[in-house]
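Each chain, written out:
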Amino acid sequence: DGGITQSPKYLFRKEGQNVTLSCEQNLNHDAMYWYRQDPGQGLRLIYYSQIVNDFQKGDIAEGYSVSREKKESFPLTVTSAQKNPTAFYLCASSIMAGTGPHEQYFGPGTRLTVT
Amino acid sequence: ILNVEQSPQSLHVQEGDSTNFTCSFPSSNFYALHWYRWETAKSPEALFVMTLNGDEKKKGRISATLNTKEGYSYLYIKGSQPEDSATYLCASYNTDKLIFGTGTRLQVFP
């Protein structure tokens, strides 16, 4: 089946540790995105990539890093520099068009808890 | 950061009622408006992507309209059913990225 997978579903880490969240898609989409959701807030864009080996910062990129070595994969690393990393993280992908992205397809999300 | 506002924040309706929500977005550098439905324990799923002023789209009992000049979109649900219970997100694509609103949480009671 085509879709986006994120793993793991739940992740627990100690403060000060870096952690990498996985996102894989087999939809052959060029664009991939990472969002963060906190209670009472909309999805906020962390990083996005429109093509392999290229990515752009979103609105809240500080304390995060990404790579896009393969079209199918867009892992997100939450570094120890991220001041408030506990959140729900969603990955998405889409086709790109002249008027911007087509509908985004979302993964099931990873809930990260840092203590 | 551009603001996308949704209202109301939450809504409780009886089965069979029709309902609507609002999404307001910046009209400058506008390219597209997205609506998503996010059911509990599932991933958000796209309902509509709208680009042209005056666009109206329909999927079953759900429809949406778009006014790009004044910067708003309405989502309508006709004859709400319990399975329509979800958070409805809108997102505006301006310049180079999609900005999401905080969503309208709909609960439909049987």
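Up top is the structure these notes are about.
This write-up is about the structure you can find in this document. (Residues numbered from 1 in each chain as written. Chains lettered and ligands numbered in written order. Predicted model: local features only at pLDDT ≥ 70, side-chain atom pairs only at ≥ 80, totals over all residues. Heavy atoms only, no water.)

**Some details on the overall build of chain A**
Consideration 1: In terms of helices and strands, chain A carries zero helices and 13 strands.
Consideration 2: Put simply, chain A runs from its N terminus to its C terminus through helices and strands in the order β-β-β-β-β-β-β-β-β-β-β-β-β.
Consideration 3: Viewed in the frame of its principal axes, chain A has a C-alpha envelope of about 40 × 30 × 30 Å.
Consideration 4: Among the 115 residues that make up chain A, the fraction classed as buried is 45%.
Consideration 5: For chain A, restricting intrachain contacts to residue pairs at least 6 apart in sequence, the fraction spanning at least 24 positions comes to 52%.
Consideration 6: If you sum the accessible surface of chain A, you get close to 5,700 Å²; carbon and sulfur atoms cover 47% of it.
Consideration 7: Across chain A, the centroid of the 11 positively charged side chains sits 8 Å from that of the 11 negatively charged ones. (Helix = DSSP H or I, 4+ residues; strand = E, 2+ residues; numbered from the N terminus. Buried < 20%, exposed > 50% of the residue type's maximum accessible area, 1.4 Å probe, protein only. Contact = heavy atoms within 4.5 Å. Areas by Shrake-Rupley, 256 points an atom, 1.4 Å probe, with all protein chains shown as cover. Lys, Arg positive; Asp, Glu negative; His and termini not counted. Charge placed at Lys NZ, Arg CZ, Asp CG, Glu CD.)

**Quick word on the interface of chain A and chain B**
Note on interface size: it is often stated as the accessible area lost on association of the parts.
Consideration 1: In this complex, chain A contributes 22 residues to the contact, which on the side of chain B involves 20 residues.
Consideration 2: Here chain A packs against chain B, burying approximately 1,600 Å² in sum over the two surfaces, 65% of which is carbon and sulfur.
Consideration 3: Counting across the chain A and chain B interface gives zero salt bridges.
Consideration 4: Counting across the interface, chain A meets chain B through two residue pairs in polar contact (both at pLDDT 80 or more).
Consideration 5: Looking at the side of chain A that touches chain B, the elements that each hand over two or more residues are β4 (31-37), β5 (44-51), β9 (87-94) and β11 (100-101) of chain A.
Consideration 6: Among the elements that take part in the side of chain A that touches chain B, β5 of chain A stands out by supplying three residues, more than any other.
Consideration 7: For the side of chain A that touches chain B, the residue count by class is 10 nonpolar, 10 polar and two charged. (Buried area = accessible area lost by both parts, 1.4 Å probe. Salt bridge = Lys/Arg side-chain N within 4 Å of Asp/Glu carboxyl O. Polar contact = N/O pair within 3.5 Å; in protein donor to acceptor, adjacent residues only side chain to side chain. Nonpolar A, V, L, I, M, F, W, Y, C, P; charged D, E, K, R; others polar.)

**What to know about the state of the cysteines**
In protein structure, a disulfide is the covalent linkage between the sulfur atoms of two cysteines.
Consideration 1: The tally for this structure, following the rule as stated, stands at two disulfides over all chains.
Consideration 2: Across a sulfur-sulfur distance of 1.9 Å, Cys23 of chain A and Cys91 of chain A are joined as a disulfide pair. Looking along the S-S bond of the Cys23 of chain A-Cys91 of chain A disulfide, the torsion reads about -75°, which is the left-handed sense. Of this pair, Cys23 of chain A sits in strand β3 (residues 19-25) while Cys91 of chain A sits in strand β9, placing them 68 residues apart in sequence.
Consideration 3: Of the residues examined, Cys91 of chain A reaches a relative accessible area of 0% and is grouped as buried.
Consideration 4: The side chain of Cys23 of chain B participates in a disulfide bridge whose partner is Cys90 of chain B; the two sulfur atoms lie 1.9 Å from each other. Its S-S torsion of approximately 75° makes the covalent link between Cys23 of chain B and Cys90 of chain B right-handed. Pair noted here: Cys23 of chain B is in strand β3 (residues 19-24) and Cys90 of chain B is in strand β9 (residues 86-94), with a separation of 67 residues, a long-range link.
Consideration 5: A relative accessible area of 0% means that Cys23 of chain B is categorised as buried. (Disulfide = S-S within 2.5 Å.)

Fair warning: the whole summary comes from geometry, so function is off the table for now.
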